[in-house]
Amino acid sequence: MGKMALSYSRLNTFENCAAQFDHLYVSKTVVSSTNDAADYGDRVHKTLELLGKDELFRELSTEEQQTVDRWGHLVNMFKLKAVGGAIHFEYQMAVNESLSAVDWFDADVYFRAIADVLVIVGNTAYMFDYKTGKVRESPLQLQLFAAMVFWCFPQVQRVATSVLWLKFDKTSDAVF
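Everything in this summary refers to the structure shown in the same document. Remember, predicted model here, so these are calculated numbers, not experimental data.

**Quick notes on the overall build of the protein chain**
At step 1: On a plain count of helices and strands, the protein chain comes out with five helices and six strands.
At step 2: When the helices and strands of the protein chain are listed from N to C terminus, the series reads β-α-α-α-α-β-β-β-α-β-β.
At step 3: Taking the principal axes of its C-alpha atoms as reference, the protein chain extends roughly 45 × 40 × 30 Å.
At step 4: Relative to its 176 residues, the protein chain shows a buried fraction of 39%.
At step 5: For the protein chain, the accessible area works out to roughly 10200 Å², and carbon and sulfur atoms hold 53% of it.
At step 6: Side-chain charges of the protein chain comprise 17 positive and 22 negative groups, with the mean position of each set lying 3 Å from the other.

**Some remarks on the packing of aromatic side chains**
At step 1: Tallying each qualifying case throughout the model produces three aromatic pairs.
At step 2: Their ring planes at 35° and their centres at 4.4 Å tell us that F78 and F128 sit as a pair that is tilted. Linking F78 in helix α4 (residues 62–81) with F128 in strand β4 (residues 124–131), this pair joins segments that are 50 residues apart in sequence. The burial state of F78 is the same as that of F128; both residues are buried.

**Structural notes on the nonpolar core**
At step 1: Judged by nonpolar contacts, the single largest core of 19 residues is most densely connected at M93, L118, A125, V149, F153 and V156.
At step 2: Those elements that provide at least two residues to this core are β2 (86–95), β3 (111–121), β4 and α5 (139–152).
At step 3: Here this core gets six residues from one element, more than from any other, and that element is α5.
At step 4: F153 has contacts with Y91, M93, L118 and I120, leaving out every residue within four places of it along the chain.
At step 5: Among the nonpolar cores identified, the runner-up in size contains 16 residues, and L51, W71, V119 and Y130 belong to it.

**Quick notes on the side chain of T124**
At step 1: Note that T124 resides in strand β4.
At step 2: You can call T124 buried: its relative accessible area is 13%.
At step 3: A distance of 3.4 Å separates polar atoms of two side chains, one belonging to T124 and the other to N123.
At step 4: Excluding its chain neighbours within four sequence positions, the residues that come into contact with T124 are V119 and R158.

**Focus: unusual backbone geometry**
At step 1: In this structure, L99 takes a positive phi of about 65° despite not being glycine.
At step 2: Counting through the fold element by element, L99 comes out in the loop between β2 and β3.
At step 3: A positive phi angle, near 50°, is found at D169, a position not held by glycine.
At step 4: Its place among the elements puts D169 in the loop between β5 (158–165) and β6 (170–175).

**Some words on the pairing of β3**
At step 1: For β3, the tally of buried residues reaches eight of 11 residues, placing the bulk of the element in the interior.
At step 2: Pairing between strand β1 (residues 6–7) and β3: two bridges, direction parallel. Each residue of the ladder has a partner; that of L6, found in β3, is F111.
At step 3: Between β3 and β4, which pair antiparallel in sequence order, lie two residues; one of them, G122, sits at a positive phi of approximately 60°.

**Quick notes on the side chain of H45**
At step 1: Here H45 is to be found in helix α3 (residues 36–52).
At step 2: Take H45: its relative accessible area is 17%, and that puts it in the buried class.

**Remarks on the pattern of salt bridges**
At step 1: If you walk through the whole model with that rule in mind, you get eight salt bridges.
At step 2: In this structure, K3 and E97 form a salt bridge, with 2.4 Å as the shortest nitrogen-oxygen distance. Of the two residues, K3 is situated in the segment before β1 and E97 in the loop between β2 and β3; the sequence distance between them amounts to 94 residues.
At step 3: Close ionic contact of E49 with K53 constitutes a salt bridge, the shortest N to O distance being 2.8 Å.
At step 4: A single network of salt bridges, built from pairs that share partners, joins K46, E49 and K53.

The rules we used
For every chain, the first residue of the written sequence is number 1, and numbering continues from 1 along that sequence. Note on the predicted model: pLDDT of at least 70 is required for a residue's local features to be given, and 80 or more for side-chain atom pairs to be given and counted; whole-chain, interface and lining totals, by contrast, use all residues. Side-chain numbers here rest on the full set of heavy atoms in the structure, without hydrogens or water. Going along the chain from the N terminus, every DSSP run of H or I of four or more residues is numbered as a helix, and every run of E of two or more is numbered as a strand. Per-residue accessibility, obtained with a 1.4 Å probe over protein chains only, is compared with the maximum for each type, and a residue is labelled buried under 20%, exposed over 50%, and partly exposed between these values. Throughout, the Shrake-Rupley method with a 1.4 Å probe supplies accessible areas, and for residues the shown protein chains are the sole cover considered. When charges are counted, Lys and Arg are positive and Asp and Glu negative, with His and the chain ends excluded. For the purpose of locating charges, the reference atoms are NZ of Lys, CZ of Arg, CG of Asp and CD of Glu. Two rings from Phe, Tyr or Trp (for Trp, the six-membered ring) form a pair when their centres sit within 6.5 Å of each other. Planes less than 30 degrees apart are called stacked, planes more than 60 degrees apart edge-to-face, and all others tilted. Residues grouped as a nonpolar core are buried Ala, Val, Leu, Ile, Met, Phe, Trp, Tyr and Cys residues, joined through side-chain atoms within 4.5 Å. Two residues form a contact once any of their heavy atoms are found within 4.5 Å. Contacts described as polar in this section are N or O atom pairs within 3.5 Å, which, within protein, must combine one atom able to donate a hydrogen with one able to accept it, while residues neighboring in sequence count only if both atoms come from side chains. Here the rule is simple: two strands pair whenever DSSP picks up at least two bridges between them. By salt bridge we mean one thing: a side-chain nitrogen of Lys or Arg within 4 Å of a carboxyl oxygen of Asp or Glu.

Treat this as a map of the structure, not an account of what it does.
Spelled out as structure tokens, the structure:
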């Protein structure tokens, strides 16, 4: 077996339960299951991604319309931050062991991260991560996201990170 690409989620799984990490990612004796809360979070992420990419071309389901009505203003805020720069939704970043940017599926991927929203203006980046569950502060996640941006965008000298706890109208912020 080759080396396993890591991510914040995988590190978090290991930290919470090494046996679960083994079963899911090493011995692969169980398949990761989903639940209603995770499915809901996936649907909210997808709706906000499509809204950000201006790809909501169809009639919305009731849940999608509720997502747009409640949190769509955030997408407009991200777009305003991106004036004069670039905006990416569900942006995949990957680095190898030398911490050089590589493609997501390259054989030598060491660490991966997906930014729900990444805005780059000059030498400053803004990284946003949506959360639909309970507030669980994780400075490590913000640190890893900032590191990924620095490694994948060498021109960036400052990264402002925010986890947006959507249901609670709360943020966890850090600047690196």
